[in-house]
Amino acid sequence: MAGIHYARLGTGRLWTAVAGTSLGAGFGVTLTVVGMLSL
């Protein structure tokens, strides 16, 4: 989320910040689901 904040201020590109945030969130959800299923 910090990347999106800085991209809005003009530092960096917004689309890469959004893509990174969504990929990171998807990876986190995947790890959580796999972790819950492995118990």
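Everything numeric in this text was worked out from a predicted model, so none of it was measured.

Caption draft 1: Region of the structure containing the UniProt feature "transmembrane region" (unreviewed entry) in the chain. This chain's UniProt record puts "transmembrane region" (unreviewed entry) on residues 14-37. The distance from the first to the last C-alpha atom of residues 14-37 is 35 Å, and the span holds 100% helix and 0% strand.

Caption draft 2: The arrangement of a nonpolar patch on the surface in detail. Side chains of Val29, Val33 and Leu37 sit close together on the surface and give an oily, nonpolar patch of about 300 Å² of accessible area. Structurally, Leu37 is set in helix H2 (residues 14-37). By relative accessible area, Leu37 is classed as exposed at 69%.

Rules behind the numbers
- Residues numbered from 1 in each chain as written.
- Predicted model: local features only at pLDDT ≥ 70, side-chain atom pairs only at ≥ 80, totals over all residues.
- Heavy atoms only, no water.
- UniProt positions renumbered as here; feature names shortened; annotations may be inferred.
- Helix = DSSP H or I, 4+ residues; strand = E, 2+ residues; numbered from the N terminus.
- Patch = residues over 30% accessible without salt bridge, like charges linked within 9 Å, V, L, I, M, F, W, Y side chains within 5 Å.
- Areas by Shrake-Rupley, 256 points an atom, 1.4 Å probe, with all protein chains shown as cover.
- Salt bridge = Lys/Arg side-chain N within 4 Å of Asp/Glu carboxyl O.
- Buried < 20%, exposed > 50% of the residue type's maximum accessible area, 1.4 Å probe, protein only.

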